[in-house]
Every structure is written in C-alpha cells, then in structure tokens.
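Each chain, written out:
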Protein chains: 2
Amino acid sequence: MLWMKQSQLLIPTMKETPSDAESVSHQLLLRAGYIRQNAAGIYSYLPLGFIVLQKIEEIIREEMNATGAQELLMPAIQPAELWHETGRWNVYGPELMRLKDRHGRDFALGATHEELITSLVRDELNSYKKLPMTLYQIQTKYRDERRPRFGLLRGREFIMKDAYSFHDKSESLDERYQMMYDAYSRVFERCGLNFRAVIADSGAMGGKDTHEFHALASIGEDTIAYSDESDYAANTEMAEVLPPDADFTADAEVQAAFFRANDDTIAVYYLKGDEVNDVKVKNVLGVEILEALTDEEIQELQFDPLNPSDHIKVMADQWVEVISNGSLFVGEGQKRYNDINFGQDLHIKHFHDLRFIKEGDPSPDGRGWIKFARGIEIGQVFKLGTRYSEAMNAVFLDEQGKSKPLIMGCYGIGVSRTLSAVAEQYHDEKGLTWPNALAPYKIHIIPVNVKNDEQLTLAEQLHLQLGDKWDVLLDDRKERAGVKFADADLIGCPVRITVGKRAGEGYIEVKIRKTGDMLECHIDELNSVIEAQMHD
Amino acid sequence: MLWMKQSQLLIPTMKETPSDAESVSHQLLLRAGYIRQNAAGIYSYLPLGFIVLQKIEEIIREEMNATGAQELLMPAIQPAELWHETGRWNVYGPELMRLKDRHGRDFALGATHEELITSLVRDELNSYKKLPMTLYQIQTKYRDERRPRFGLLRGREFIMKDAYSFHDKSESLDERYQMMYDAYSRVFERCGLNFRAVIADSGAMGGKDTHEFHALASIGEDTIAYSDESDYAANTEMAEVLPPDADFTADAEVQAAFFRANDDTIAVYYLKGDEVNDVKVKNVLGVEILEALTDEEIQELQFDPLNPSDHIKVMADQWVEVISNGSLFVGEGQKRYNDINFGQDLHIKHFHDLRFIKEGDPSPDGRGWIKFARGIEIGQVFKLGTRYSEAMNAVFLDEQGKSKPLIMGCYGIGVSRTLSAVAEQYHDEKGLTWPNALAPYKIHIIPVNVKNDEQLTLAEQLHLQLGDKWDVLLDDRKERAGVKFADADLIGCPVRITVGKRAGEGYIEVKIRKTGDMLECHIDELNSVIEAQMHD
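Going by the annotation in an unreviewed UniProt entry, the name recorded for chain A is Proline--tRNA ligase, with Scopulibacillus darangshiensis given as the source organism. Among the UniProt annotations of chain A, the heading Subcellular location (unreviewed entry) holds the following wording: "Cytoplasm". As stated in UniProt under Subunit (unreviewed entry), the record for chain A gives "Homodimer."

A. Seen up close, helix α1 (residues 24–31) of chain B. All names here are of chain B. Burial of α1 is extensive: six of the eight residues sit out of reach of the surface. The set of residues buried in α1 consists of S25, H26, L28, L29, L30 and R31. Those residues of α1 that are buried are in contact with β2 (35–39), β3 (42–45), α11 (415–425), β25 (427–428), β26 (431–432) and α13 (481–491). Backbone geometry just downstream of α1 places G33 in the positive-phi region, at approximately 80°.

B. Just the pattern of salt bridges, in detail. The tally for this structure, following the rule as stated, stands at 86 salt bridges over all chains. Between B:K5 and B:E460 there is a salt bridge, with the nearest N and O atoms lying 3.5 Å from each other. One end of the pair, B:K5, is in strand β1 (residues 3–5); the other, B:E460, is in helix α12 (residues 453–467), and 455 residues separate them in sequence. With relative accessibility at 28%, the residue B:K5 sits in the partly exposed group. Residue B:E460 is classed as partly exposed on the basis of its relative accessible area, which comes to 29%. In this structure, B:D174 and B:K383 form a salt bridge, with 2.7 Å as the shortest nitrogen-oxygen distance. Here B:K383 lies in strand β21 (residues 370–385) and B:D174 lies in helix α6 (residues 170–190), a separation of 209 residues in the sequence. For B:D174, a relative accessible area of 33% corresponds to the partly exposed category. Beyond isolated ion pairs, a larger network of salt bridges with shared partners links A:E22, A:E145, A:R147, A:R149, A:R154 and A:E221.

C. Structural detail: the sheet that holds strand β7 (residues 106–109) of chain B. Residues and elements named next belong to chain B. Pairing within the open sheet is antiparallel, and its three strands lie in the order β5-β7-β6. Lying at the two open borders of the sheet, with one neighbouring strand each, are β5 (77–79) and β6 (98–100). Pairs of neighbouring strands in the sheet enclose a mean axial angle of 40°, with direction left out of account. With three bridges joining them, β5 and β7 adopt antiparallel strand pairing. Considered in β7, the bridge of Q78 is made with A108.

D. The arrangement of the interface of chain B and chain A in detail. The partner chain A presents 50 residues to the 50 residues of chain B that form the contact. Carbon and sulfur atoms supply 62% of the area that chain B and chain A bury against each other, a total of about 4,400 Å² over both sides. Between B:R156 and A:D101 there is a salt bridge, and its shortest N-O distance comes to 2.9 Å. Our count for the chain B to chain A interface comes out at 16 residue pairs in polar contact (both at pLDDT 80 or more).

E. Region of interest: a negative patch on the surface. Taken together, the side chains of A:D295, A:E296, A:E300 and A:E332 define an acidic patch exposed on the protein surface. Note that A:D295 resides in helix α8 (residues 295–301).

F. Summary view of the packing of aromatic side chains. Under the defined criterion, the tally for this structure stands at 18 aromatic pairs over all chains. Summarising the aromatic geometry, the rings of A:W83 and A:Y92 are spaced 5.6 Å apart at their centres and angled 75° between planes, so their arrangement reads as edge-to-face. Relative accessible area serves as the criterion here: at 0%, A:W83 is assigned to the buried category. Sitting over the ring of B:W319, B:R355 keeps its end group 5.1 Å from the ring centre. Note that B:R502 overlies the ring of B:Y507, its terminal NZ or CZ placed 4.1 Å from the centroid.

G. Broad picture of the relation of the copies chain B and chain A. Here chain B sits on chain A after a turn of 180° about the axis and a move of 0.0 Å along it, with an RMSD of 0.1 Å. In symmetry terms, the pair is related by a two-fold rotation axis. Relative to the rotation axis, the C-alpha of B:L99 is the closest in chain B, positioned 2.7 Å from it. A share of 100% of interface residues in chain B that are also interface residues in chain A marks the association as one of identical surfaces.

H. Structural context of the pairing of strand β10 (residues 195–199) of chain A. All names here are of chain A. Counting buried residues along β10, four of its five residues qualify, which places the element largely inside the surrounding structure. Alignment of β10 against strand β11 (residues 210–216), held across five bridges, turns out to be antiparallel. Note on β11: the bridge partner recorded for A197 is F213.

I. Broad picture of the nonpolar core. Counting 66 residues, the largest nonpolar core has A:L29, A:Y34, A:F188, A:L193, A:F213, A:I378 and A:W434 as its most contacted members. The element contributing the most residues to this core is helix α2 (residues 47–66) of chain A, with nine residues. Here this core spans two domains, and each of domain 1 (24–237 + 372–423) and domain 3 (441–531) of chain A adds at least three residues to it. Counting residues in each nonpolar core, the second largest holds 65 residues, with B:Y43, B:V52, B:A163 and B:C493 among its members.

Thresholds applied
- All chains use their own residue numbering, which begins from 1 and follows the written sequence.
- Written order decides the labels, with chains lettered from A and ligands numbered from 1.
- The predicted nature of this model means local features are confined to residues of pLDDT at least 70 and side-chain atom pairs, given and counted, to a pLDDT of 80 or more, with totals for whole chains, interfaces and linings taken over all residues.
- As a convention, hydrogens and water are excluded, and side-chain values are obtained from all of the structure's heavy atoms.
- UniProt positions are given in the numbering used here, feature names are shortened, and annotations may be inferred rather than shown by experiment.
- Here's how the labels work: a residue is buried when its accessible area is under 20% of the maximum for its type, exposed when over 50%, partly exposed in between, all with a 1.4 Å probe on protein chains only.
- Secondary structure follows DSSP: runs of H or I at least 4 residues long count as helices, runs of E at least 2 residues long count as strands, and numbering of each begins at the N terminus.
- Only heavy atoms enter the contact rule, under which two residues are in contact if any of them lie within 4.5 Å.
- Any carboxyl oxygen of Asp or Glu that lies within 4 Å of a side-chain nitrogen of Lys or Arg is treated as forming a salt bridge with it.
- Only strands joined by at least two bridges in the DSSP assignment are considered to pair.
- Fitted lines through C-alpha atoms give the axes, limited to the stretch in contact for helices. The angle between two N-to-C directions lies from 0 to 180 degrees.
- Note on terms: buried area is the combined drop in 1.4 Å-probe accessible area of two parts once they are placed together, counting the loss on both.
- Think of a polar contact as two N or O atoms within 3.5 Å of one another; within protein, one of them needs to be a possible hydrogen donor and the other a possible acceptor, and neighboring residues in sequence only count if both atoms come from side chains.
- Patch definition: residues with relative accessible area over 30% and no salt bridge; like charges joined within 9 Å; nonpolar side chains (Val, Leu, Ile, Met, Phe, Trp, Tyr) joined within 5 Å.
- Each accessible area value is a Shrake-Rupley result obtained with a 1.4 Å probe; residue values ignore everything except the protein chains displayed when judging cover.
- Charged residues are defined here as Lys and Arg on the positive side and Asp and Glu on the negative side; His and the ends of the chain fall outside this count.
- All charge positions are set by atom: Lys at NZ, Arg at CZ, Asp at CG, Glu at CD.
- Put simply, two rings from Phe, Tyr or Trp (the six-membered ring, in Trp's case) pair if the centres are within 6.5 Å, and we call them stacked under 30 degrees between planes, edge-to-face over 60, tilted for the rest.
- Charges are assigned to positions over rings by a cutoff of 6 Å between ring centre and Lys NZ or Arg CZ, combined with an angular limit of 35 degrees from the ring normal.
- Our superposition of the copies is a least-squares fit, built on the C-alpha atoms of residues whose pLDDT is at least 70 in both.
- Note on terminology: a nonpolar core comprises buried Ala, Val, Leu, Ile, Met, Phe, Trp, Tyr and Cys residues joined through side-chain atoms within 4.5 Å.
- Either an automatic procedure or a domain database provided the assignment from which the domain bounds are taken.

Listed below in structure tokens is the structure:
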C-alpha cells in the first residue's frame, strides 16, 4: 500500500478556476493538482493524476488478459510506407502528425495502429491453427486535433488501449467481438462510470458492426438515444425507428425534402416535426454523398407530388404511409395539398425508416421509451473485416490450404479520456469525489493542528497503521485547517479522517467525501467504519 | 500468476540468425520472438519482450518509490519555446526529432525532459519548504541516431526512466545523488547484471559530478578502467593515474607531443608507451578545445627542449619527473636527447597527471590493479547544478527570503537498453538464459507428445498447479519434441519441465536452463526442486 506525506508531494492545488478550462473535469483536474497543460491539447500527469491513470490501466489489463488477449507494445513512430499500403497516408489529413527523419524519410506519429499491427502479424499468423489471436497495447497516441478542448477529453497526445483480433471465420470474430464488448462493460463498470454501449456508425473505417461506449455527461459531444427501461442505446443517426402501431392514425401534416445523390434528385416525405436522417436515406439509396437542394433549386424543380416527373425518385418515411386525409407541404412557399391518403395517392414506391428518432419514441427493442443524453466516447469495438488485411496482403492458409485475408476486429479505450469522464461524473461544487476503485488515495488524514503533538502523533500513527491496508495520504503541512479541508475536498479521497481536539482521548472524525456524512468515532472502531465505506 | 498456452501466444521463434543483427542480444531477442523491427532503430515488443520490460519497470518503480521519488508522466511532444529558453533547440542537432503542428508551430519529440520538468515545477517549487523533491517518469524517448544498431541498444525510439531532483542547497543534492546512486545499484543488481558504476565526464551537460552505470559486455561501445580488487571504475579518459612510487626509477624513454589550444602552443612530455589524455590536458589548461599539431607544424616549430622559446608552454606527465638519465624523442625524425634528468634539466614548469590509465596500473583508490572492460551504458546519475533553472528562471525563496535558482540533479536508466544488456550477459549458444527476476515465465512445461493423453493431462495439471505460485508457460503445440526443446532453450525460461514416457507413474524431468543440469523427479517432490532454483 501507498502512504505519503502531503508536505513532500507535488500536489499543486489552486483556489481560482483557470479561465481557459471549459469543462468541470478539466477545471477540477487542474485545480486539484492532477494535471498541467504543456501546450494546447498536451498535458503532464502530475503524481495524483498518474496514480489514477495507473489504476485505470490496471483494470483494463486485468479485463483484457481475462479474455486471453496478449499485451505488446508497438512504436509511436511508424514508417509512411505502411500507411501508403492502405492508402491512409493521403486520406488521413492534418490530424495525422508527420515528421521526417535525418535521412528525409517520412514517418507518422501513430494516431492508430491498424497498419502497424497488420504488418507485424502478416508473416506470423499464416495458418488457421494460430487463430484467433487478440493483441493489445496501452500506448500514447497522437492526433493533431483542429480544436483541442476539455483538457484530456480532446487532446493531441493521449493514452489509448488499442486491441486487434485476427480470425479465420466471421463467426470467430463475432464471438471475440462479444467477449470484448463484455470486457469493456466490466472495465467501465469497475471505473464506476454511468455509461451506455451505443450502436454506432461504421462509416469511414470500412467495417461492419460497431458499438461505441459513451459515458453520460452534459458536456459530451455526441447525442445518444437510449431506452428508459432497457440497455438499448444508439447514436441518434443510427437509432432505428419502429413503424407506427397498427392502430396509429393521424390527421397529420407531411413535409417534403429534396436531395441530390450522384445525378438523381430525391424527394422524401416525412411527418412535420420529424427530421430526415440523411444516413438512413444514403443507406437506402446505397450512396456515399447526399446533398440537400437549395430553396432556389427546389423552386426550379416545379415539383408536382400528384404527378411527379420520372427523373425524381419519391420515397417516404414509414410513418407517412398510414396517413389518410393528411396535408402535404412542398417548397419554400409551402404549397399545400390536402386530403391525401399517402399510402395510395402519391405514387410513392418506397416507404422506409428515414427519420431521426425522437425523445418519447418507443425503444426499438420494444422495451421502454427513448430518451436523449449527451455522451463522451470512451471506447469502441469494431468489426473491421478484411479492409486492412486485403490492402496489406496479410493472409493465412485455411483448413483446405486456401490462402485468405485475415478477418480483423479492433477495440479501443481512451484511457486518459476515461480519467476525465470519471471526473466529469464524480464531483460536486467543492471538488472531486472519486469512486473507491480509482481514488489516488483511499484515506486522507488531516491533523487539524500539526503543532499539537497529540494530534500529529495520532495522525502519524493512523497513517502507518491504515497504510498497511489502504493507500493513505497524510496532510502534514503547516497550513490552517480550513485550507487543508478545502484541499481535501478538492482532491476528493473517499474517506477523510480529521484528528482534532479529542485526539488525546483517541477520538477522531470520519467524513465520507461523496455523501458529506460525518461521524465521530474512537480509533478502535475506525477499521470497521472504513471497511463499511470501501464497497463501491 | 500468469499461465499461458504456447499454441495461443505470439512467440514467433526463428531458426536462422537474422543477417542484419550484429549483437548476440539483438539476434536472440529476434530469434526467440521477443521483439520485431518496424524501421531502423524502431521496434515492437512482442508479448514475451513486453513481459520482461514490465518486470524491469516494476523493479525500477519499487526502488525509485523507496527513495521517496514521485512518478509522473510528461508528454513526448514538447514546445520548441522551452528548448529556446535553454538554447538547446539550436545546439542539439539532428538527433532531436522535430515536427510542426497543423498551425506551423515547432515541437520536439522528447529526447530528454530537463526543459519540460523545469517548466513544470518553476511556478510550484517556489519555497525552500517544498524542497528537496524528486520526480520521475518511465516514458518513450526519441533520438534520431545517425547509426541505429544492436537492436534495442541504440534505437531511435526507446524507453527511459528519467528522474529529476530539486534542491535548495548543494549538500541536499549530494545526499539525493548518493540515494539515487544506491538505488541504481540495487536496480541493476536485482536485474542480475554484472555492472560497474563508473566515474564519467560531465562534458556537454554542464554539470559537476556524474557516474555512468555500465553493464560489462564485449560489444559495449565504451571502455571502462576498473580495479580488480575494489569497486573503483571510471571511463578511461576520467581515470586518475597515481603518481609513481617514491622508489620508482627508470632509465626510460620520453616522448614529446605538441598541441594548439586557443593561440598557445603546448609541448607535453610523456613516457614512451603511454598515451596523452587530452581531457586531462584541457582541464589543466582550462580550455575547451585542443588540437594536435601536424608533423609539418611540428617541423616548423624547430623546438629545442634544452632551450625552449617563451611562446611554447612546456608541461609533462608526473611519471616523467623522476626520470634520470633518460632520453627524450622529439618530432617526426625522432631527434633524440640523451642523459636527461627530467626533474631539473628541461625548464618544465608543471608536472601533472596527463596520461591515460593503462591495464596493470595501480587502482587510483589504492586497492588492486587496473583492468579494462567494455561497457554498455545503462544508467547515469548527474549533478546538473543550476544550468537549467538559471536559463529558465526556476527560482525559490530560501530561508532568508532570498530568490535563488533551484539546484538540480538528473538520473536516467535506459529501460529497453537494460533489457538488451541482460540478454547480452545471459545467453549461451542455444539461446537466452534469463535470471529469475526477469524471465517472462519461470517455468516452461513441455509434454513430449501432446497426442499422448497421459502426458498432456499431467502437463495441464502441472500447468494449473504450479501456475498458482509461478508464471508458467505450457508448450501445448503439436510440434516434434526436438522443435519444442530447441524453442524452450531459445526462449530461456529458468526451469524446464519435460513430461514424457514416465508421466503415468508421475515422473517428470526437470532441466535448469542456465546450468543445463537435469534430474528426474516425482511430481510430489517437484515443488521443493523448483523452490531450490528460484533464488537468484
């Protein structure tokens, strides 16, 4: 166990809130002396911050190793040649930090390691007998964010756990994906986070299934749709909307939206008050790019819904199909068509799920109702498929001796981001309120007056005694009690022990940081009082 | 404890020695599947290599924490402004890897962290009350070596432990320096290394005392002079040479060497067979640069030792002073002067220690005789003084309220280099022979024939049973016994257990990797047999 005297530690607390720190976690981690900024988006972890970081890493290691994943460590500096093999050298843009060595050769600072791990295994995992295999590392990553912000939440140098799995069959990937999904859930549970595993968009990574893990927090940059009764959650653009009940009828108003996709013009009808989800429209059309028409372009269309020209594809959201005697509004001037039975009247060939989910919608899994929350993305699991192995010729021989590209999954956790997300969820107006599993010290002992021998002696005695079992911090500084209490609240250890006037009789005060509960007890009862608090 | 099945691990052993690996450690770490190269001087640590790395790091952490040092983590990316403050941005040369961010701002990839740590503490360690303090990190460092070689021994991306101490008084630095010196000795002892703490040259770092820790190895790039009876050791250019005994007399031959320092010409007399140590000459003269004259320049001097011109400074090594009836040789043609009593005859104003130490010289500490060895530098402790704090205005208020620059020490261990140095010292012709403290697995269990149920069952049972106490690797691969034995020797776990024909009777064979000793024993005796081997 760790025990330390605060007078000898680097814990530079601040009274003032730093003016450039926008999020609570950023403000408190700075004020409580956990981190310091060295450049925009680039931070040092001071001793307290480093302890918390290590605890998160230890939890991750335990859960990764339990899945049979093997830890290794790849370099941050990666030869450009590897990124040329997958084409990402040119695609990645300015987020990928690049440098030249003394011989003028190009290198990337690893923003991610798909290329490197694939190059590493492509000569080794050459037979189905060696599969599946999962490899992971905990390592510093680099992304030159356009706008670093929120401290560790969006930095340019940050710590990630990234894992990669390799398979001969997609069923094997499915299994491992589920193992990692479960392991991630355990990691974030053990970190004490209120989080959701969210169905996400596989988008640019070129894979199939993917879930993001989001810690719920008001400053989160993503909106999550989740069920108030089940564990269903999805990015809002990915959330499936259920069709209306059979008995759903509405004398409703319907709106038309117009898009261009390649050379086609698309009309989409949807209920007024809803919003067209362009990801869903794209998926239905099978296109990559969809542009909304301008008001002028819509005018020029001279679109007549009762008699649409052949070169316009007309589709509608599924909720429009059942509307009878409804109204349709078209174009800027909102030309109105009344008494329409949308299922029959308008030559609509396709009804699909084309809108964004809304708060109050039924949950797509049939259990409960949808609510919205903001989330901080702290992890992602991803079925990559053969995107990288094909590009980099990483093949194996299957049971029939046939050469095939490795099937891959990748799995990331933002380690430093998790630290910030926990701080975002565990604080009050006085400071941080760490969960037991991550607190830098479990117990903070404060002698009210260090010049009083009785108090200091008892405090030091408790420090050594409790230190056998828990991580204990002793505030032996010659500061006023008020300063020490304020610092203790700021730092946020779960249990505070105040050694004051009744030290001579063996009485001390125990305060539970998170609840604010205080009680006076005799040192003989102390162990059981603390034990009761150490279950998160 | 760790237990693993080899069929599921990434341990890609190789039969052939890689042609581009020059050192034994590099060859064996590649062949035994501990590391792989990703670019010149840039490596991945595969699972086995990563385990050893973690063990070294754990030893370092324990010994650092025991000195009261606090761990933190600084970024690799450092703003150029900090390096401008100390002037090192321009001085450091192409070894310092540099890059620009998307806004065109200059950054260095940390080759070392004096600037960054000084910037971090300069506003915090502002009073003598907060001193001394030692901070350390274990982190990836970057140096663009002109010629990366020997695998992890001279890489471009490597792992270092770097510590920095801050003091109000030089006595405090002296104390902490000694603590770190002792801690380093314990670290390298625990790693099983044959090493020496070597008096070194403080040179370009601008400090005072410094010791380097060298692991003795024939491929070492430095020559060390050490005593065969004491722990005295020094870089050869730093080793003091004792003056001759009072009864030393020699009818010896003396040689003259000529140098230019600034605008002065220097003549140095020394015994034939010795070598002038230009570091010592520089120190006596108090100059930075010393150039040897060419033969032509010596000719032009027309130097007459019996009547030297005033513009030539004449000095001699201390061993020349006592020579009577000796000969002096001058210049290319080796003009000879005979019957000289050097103490009196030649107008020599200064006799100093000016030569390199030689094998067979008495040790400067008076105990034993000097021998030479080659060393791999694995650590350095260094009294920096105020070089960085003055340049960066890192000041504190002393007890009198006076502002003074912080006095600093810095202390480095090459973590990845230590791994290689151990491999360099622990191997034989068959492979690696790890010391217990660093072995990736303590025990390697090999069922001779995995298709034999008795053998496989017993092997698996031992795997689980021994795995409660030790890290155990089970070779469950369907390979020939010879292949498995060869791989086990290559990988180098301290104890090998072979489960073969007598498995049914409970008899197995234990082989000690390092000595090659083998014995057959019953599984009931196994625990005590292994226990006896686990004391390094």
